[in-house]
Amino acid sequence: MEEALVRATIPQDLEKLLGVESRPHPKAFTDAFLKNSLPQTTRCNVNNLLTHKALILGYSRPKKDKRKSKKPKGLNARQKRAMKVFQLKPEHQRYELFLPLHDLWRQYVMDLCSGLKPTSNPQFVQQKLLKADFHGAIVTVVRSKCPSYVGTTGIIVQEFKHVFKIITKEDKLKVIPKRNSVFSVEINGFVSHIYGSKFEQRASERSAKKFKVRGTIDL
């Protein structure tokens, strides 16, 4: 009885007289708190939430945007052709300009083959050269189904899937197809032959390719 009197609500006329404010009813306070705390879409269901299930008041982290970041795309083949990315300007088609590239290539092959010596295993060197990059190598066409290509010597300035672009000592840019052609390359007295028909890959693709040993190779 005494506890009920303590928790009883003070009449409004006594509140003004005493200058105090009575505490609101717990249910009214809870309803007001939930209305202010819950999102707008669920405010109309406060009574249902309190009656039928437990309500967990917690902080929900904002969801991260899972959209993939767009990476800048490179030029496609058509755009490269339109911009003439792979074309050498006439003023750059000079043999002497590519001699430093040839010196770098020789050093690169020497390091790749662990130093070319008279005692080096030819099969080991051949396997290394199959996967090597030939930009800067001096090659000679020793056989071809097109007689006009035979005897052409120069520095490889560009290698594509099907052709070599070679700059000759006469400062002429020659485009030699790999198919039906045999090239020779000389490094410190070691001469190796490249069968172009079996060499029709880009340098990047050839480095990861496994070559099979064949007894005879035709043009």
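Per an unreviewed UniProt entry, the recorded name for the chain is Ribonuclease P protein subunit p29, and the organism is Dissostichus mawsoni. Heading Sequence similarities (unreviewed entry) of the UniProt record for the chain holds this comment: "Belongs to the eukaryotic/archaeal RNase P protein component 1 family." As stated in UniProt under Function (unreviewed entry), the record for the chain gives "Component of ribonuclease P, a ribonucleoprotein complex that generates mature tRNA molecules by cleaving their 5'-ends."

Asker: Just to check I follow, could you spell out the side chain of His-102 for this structure?
Answerer: Structurally, His-102 is set in helix α6 (residues 99–112). Under the relative-accessibility criterion, His-102 is labelled buried at 9%. For His-102, the residues in contact, after removing those within four places along its chain, are Gly-136, Ala-137, Ile-138 and Ile-155.

Asker: Is there a simple way to think about the pairing of strand β3 (residues 163–167) in this case?
Answerer: Where burial is concerned, most of β3 is hidden: 4 out of the 5 residues are buried. Here strand β2 (residues 153–159) pairs with β3 via 4 bridges, running antiparallel. Bridge pairing in β3 places Ile-155 opposite Ile-167. Connecting β2 to the next strand, β3, in antiparallel fashion are 3 residues. As paired strands, β3 and strand β4 (residues 173–177) are joined by 5 bridges and run antiparallel to one another. When the bridges of β4 are listed, Ile-166 appears paired with Lys-174. In textbook terms, the turn of a hairpin is the stretch between consecutive antiparallel strands, and for β3 and β4 this stretch comprises 5 residues, one of which, Asp-171, has a positive phi near 60 degrees.

Asker: It is not clear to me how the sheet that holds strand β5 (residues 181–187) should be interpreted in this structure. Could you clarify?
Answerer: The strands that make up a sheet are held in pairs by hydrogen bonds between backbone atoms, and each pair lies either parallel or antiparallel. The strand order β4-β3-β2-β1-β5-β6 describes an open sheet built from 6 strands, whose pairing is antiparallel. The sheet is open, and its two borders are formed by β4 and β6 (190–195), each paired with just one other strand. Ignoring strand direction, the axes of neighbouring strands in this sheet form an average angle of 40 degrees. When strand β1 (residues 138–144) meets β5, the two strands line up antiparallel, connected through 5 bridges. Across the sheet, the residue bridging to Thr-140 is Ser-184, located in β5.

Asker: Please clarify how the pairing of β6 should be interpreted in this entry.
Answerer: For a regular strand, side-chain orientation follows a simple rule: the groups alternate between the two sheet faces. Every second residue of β6 is oriented toward a common face, the buried set being Phe-190, Ser-192 and Ile-194 and the non-buried set Val-191, His-193 and Tyr-195. Bridging between β5 and β6 involves 6 bridges; their strand directions are antiparallel. Within β6, the position partnered with Ile-187 by the bridge is Phe-190. Hairpin remark: β5 followed by β6, antiparallel, with 2 residues in the connecting loop; positive phi at Asn-188, about 55 degrees.

Asker: Whenever I open this one, unusual backbone geometry confuses me. Can you help?
Answerer: Working note: non-glycine residues mostly have negative phi, and peptide bonds are mostly trans. Notably, Asp-171 is not glycine yet its phi reads approximately 60 degrees, a positive angle. Looking at where Asp-171 falls in the secondary structure, it is placed in the loop between β3 and β4. What makes Asp-171 partly exposed here is its relative accessible area of 37%. Phi at Asn-180 is positive, roughly 65 degrees, even though this residue is not glycine. You can see Asn-180 is positioned in the loop between β4 and β5. Looking at Asn-180, the relative accessible area reads 25%, which means it is partly exposed.

Asker: When you look at helix α7 (residues 122–130) in this model, what are you seeing that I'm missing?
Answerer: Restricting attention to buried positions, one finds in α7 the residues Val-125, Leu-129 and Leu-130. For α7, the angular spread of buried residues about the axis comes to 140 degrees, placing them on one side. Turning to α7, the residues buried within the fold contact α6, β5, β6 and α8 (203–206).

Asker: What am I meant to see in α6 here?
Answerer: Look at α6: 20 Å from first C-alpha to last across 14 residues, which is about the 20 Å you get at 1.5 Å a residue. Within the span of α6, buried status applies to His-102, Trp-105 and Val-109. In an axial view of α6, the angular spread of the buried residues amounts to 60 degrees, which keeps them on one side of the axis. Looking at α6, the residues exposed on the side facing more than 90 degrees away from the buried face are Leu-104 and Asp-111. As for α6, its buried residues are in contact with α7, β1, β2 and β5.

Calculation notes
- Residues numbered from 1 in each chain as written.
- Predicted model: local features only at pLDDT ≥ 70, side-chain atom pairs only at ≥ 80, totals over all residues.
- Heavy atoms only, no water.
- UniProt positions renumbered as here; feature names shortened; annotations may be inferred.
- Helix = DSSP H or I, 4+ residues; strand = E, 2+ residues; numbered from the N terminus.
- Buried < 20%, exposed > 50% of the residue type's maximum accessible area, 1.4 Å probe, protein only.
- Contact = heavy atoms within 4.5 Å.
- Pairing = 2+ DSSP bridges.
- Axes fitted to C-alpha atoms, helices over the stretch in contact; angles between N-to-C directions.
- Arc of directions from axis to C-beta.
- Expected span 1.5 Å × (residues − 1).

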